[in-house]
Amino acid sequence: MQRRHLVTSALSLVAMSVVSVVVHAQSYPAKPIRIVVPSPPGGSTDQLARAIGIKLADAWGQPVLIENKPGAGLNLGADYVAKSAADGYTLLMGAVHHSIAPAVYKRLPYSFEKDLTPITVVAIVPNVMIVPASFPAKTTAEVIALAKANPGKYTYGSTGAGTAHHLIGEQFNDMAGTDIRHIPYKGSSPALVDLMGGQIDFMFDTVASCLPHIQSGKLRAIAVATSTRSSALPNVPTLAESGLPGFDIATWFGLLAPTGTPPAAVNKLHAEVVRILATPEMKKQLAAMGAEPVGNTPAQMAAQIRGEIEKFSKLAQKAKLSIE
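The numbering scheme is per chain: residues are counted from 1 as the chain's sequence reads. Side-chain atom pairs in this predicted model are given and counted only at pLDDT of 80 or more, local residue features only at pLDDT of at least 70, and totals for whole chains, interfaces and linings cover all residues. Think of the side-chain values as coming from all heavy atoms in the structure, minus any hydrogens and water.

J.: Sorry, what's going on with empty space enclosed by the protein here?
T.: Over the atoms a probe the size of a water molecule is rolled, and this reveals where empty space is left. Buried and open spaces are told apart on a 1 Å grid over the protein atoms alone, a cavity being a set of points where a 1.4 Å probe fits but cannot get out and a pocket being an open set with protein on both sides within 12 Å along at least five of seven lines. Residues with an atom within 4 Å of a point are the lining residues. Grid points are joined across faces, edges and corners, and a volume is the space filled by probe spheres set on the points. Throughout the structure, instances matching the rule amount to 1 cavity of 30 Å³ or more. There is about 100 Å³ of room inside the largest cavity. Lining the largest cavity are 16 residues; nearest its centre among them are Ser44, Thr45, His97, Thr159 and Ser188. Listed by contribution, the elements that provide at least two residues to the lining of the largest cavity are α2 (44–60), β8 (202–206) and β10 (251–258). Only DSSP runs of H or I covering at least 4 residues are called helices, and only runs of E covering at least 2 are called strands; the numbering of each starts at the N terminus.

Laid out in structure tokens, this is it:
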């Protein structure tokens, strides 16, 4: 009799759990959603978050608010989301920078793998080496020759210490044998302002962030940092083509939620974002930014993050990058 009671109670708990999941899936979202962008307004992360946010709001009839929390090499915003309520209403527009952080920061207040749950990679954007239009060098070979003739004179900006653009700069110095000094910023937008103003000499940035300035003639694209050319800049060679074989670092952007977020919310978010990315309108919008839509599964995104953390740990050790 007691055993039958235990079995009945267990079945009741399972039934209640299933009902709870179904109810959550049906009711989510029941209030506004926040997408935290760990960088200032205007950069690639911000642009993609706003593009996806608008479409989610249209589809679900709930406001999707974009909240910029820049700082600490994009880790301030990531830490904030990692410690937020795991209810599906606070999300992170993460980026490849967060896969690099564990390799270069001695102490992080959160774990990118353990404290955040992947939803999907939204897009991949090539990185490009850019200089002011007035800069004398027009090719990678000319940049290298100029930097070697003036060691320590030139500077390159990045979106923050320990970010992909910092790592690209150090990889460039290592492979080219140059000494271009690193100047970290709190995001792409302020760095671009200083680049166009002549306060820094070079920058490695995503095509999405700097394309309008290249098209306007304020900046010149020297080379793309990925293994293949960018569809947005088809006439710009890759660094690998320009004398640095094997150079290949791209930037991805994707949505994550605090670990413990109900699977129903994660699955609903994943399905809707994938649907949005497949629409002709979104494909056209991303193409104009130089971005390529992805929309992989949470499991695929998690595997990608694990692989990148291992890859970037090796690169950081080789470049002797370490941040307190």
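J.: What is the right way to read the sheet that holds strand β6 (residues 155–158) from this model?
T.: Ordered in space as β7-β6-β8-β5-β9, the 5 strands form an open sheet in which the pairing is mixed. Edge strands, defined here as strands with exactly one partner in the open sheet, are β7 (181–184) and β9 (219–224). Put simply, the sheet's adjacent strands are angled 30° from each other on average, direction ignored. In this sheet, β8 lies alongside strand β5 (residues 127–132) in antiparallel orientation, the contact comprising 4 bridges. The residue bridging Asn127 from the neighbouring strand is Thr206, located in β8. Sitting on the sheet, helix α6 (residues 164–176) touches β5, β6, β7 and β8, and the angle it makes with β6 is about 150°. Note: two strands are recorded as paired if DSSP finds a minimum of 2 bridges between them. Only C-alpha atoms enter the line fits that serve as axes; for helices the fit covers just the stretch in contact. Angles between N-to-C directions range over 0 to 180 degrees. Contact definition: two residues touch when any of their heavy atoms are within 4.5 Å.

J.: Even after reading the chapter, I still don't get the layout of surface pockets, so can you show me in this structure?
T.: Taken as a whole, the largest pocket spans an internal volume of roughly 260 Å³. Residue lining of the largest pocket: 18 residues in total, with Ile124, Thr226, Asp248, Ile249 and Ala250 positioned closest to the centre. Residue assignment for the lining of the largest pocket shows that the elements contributing at least two residues are β10 and α11 (298–319). When residues of the lining of the largest pocket are assigned to their parent elements, the largest contribution, 4 residues, is made by α11. Polar here means any residue outside two lists: the nonpolar Ala, Val, Leu, Ile, Met, Phe, Trp, Tyr, Cys and Pro, and the charged Asp, Glu, Lys and Arg; Gly therefore counts as polar. For the lining of the largest pocket, a count of residues per class yields 7 nonpolar, 6 polar and 5 charged.

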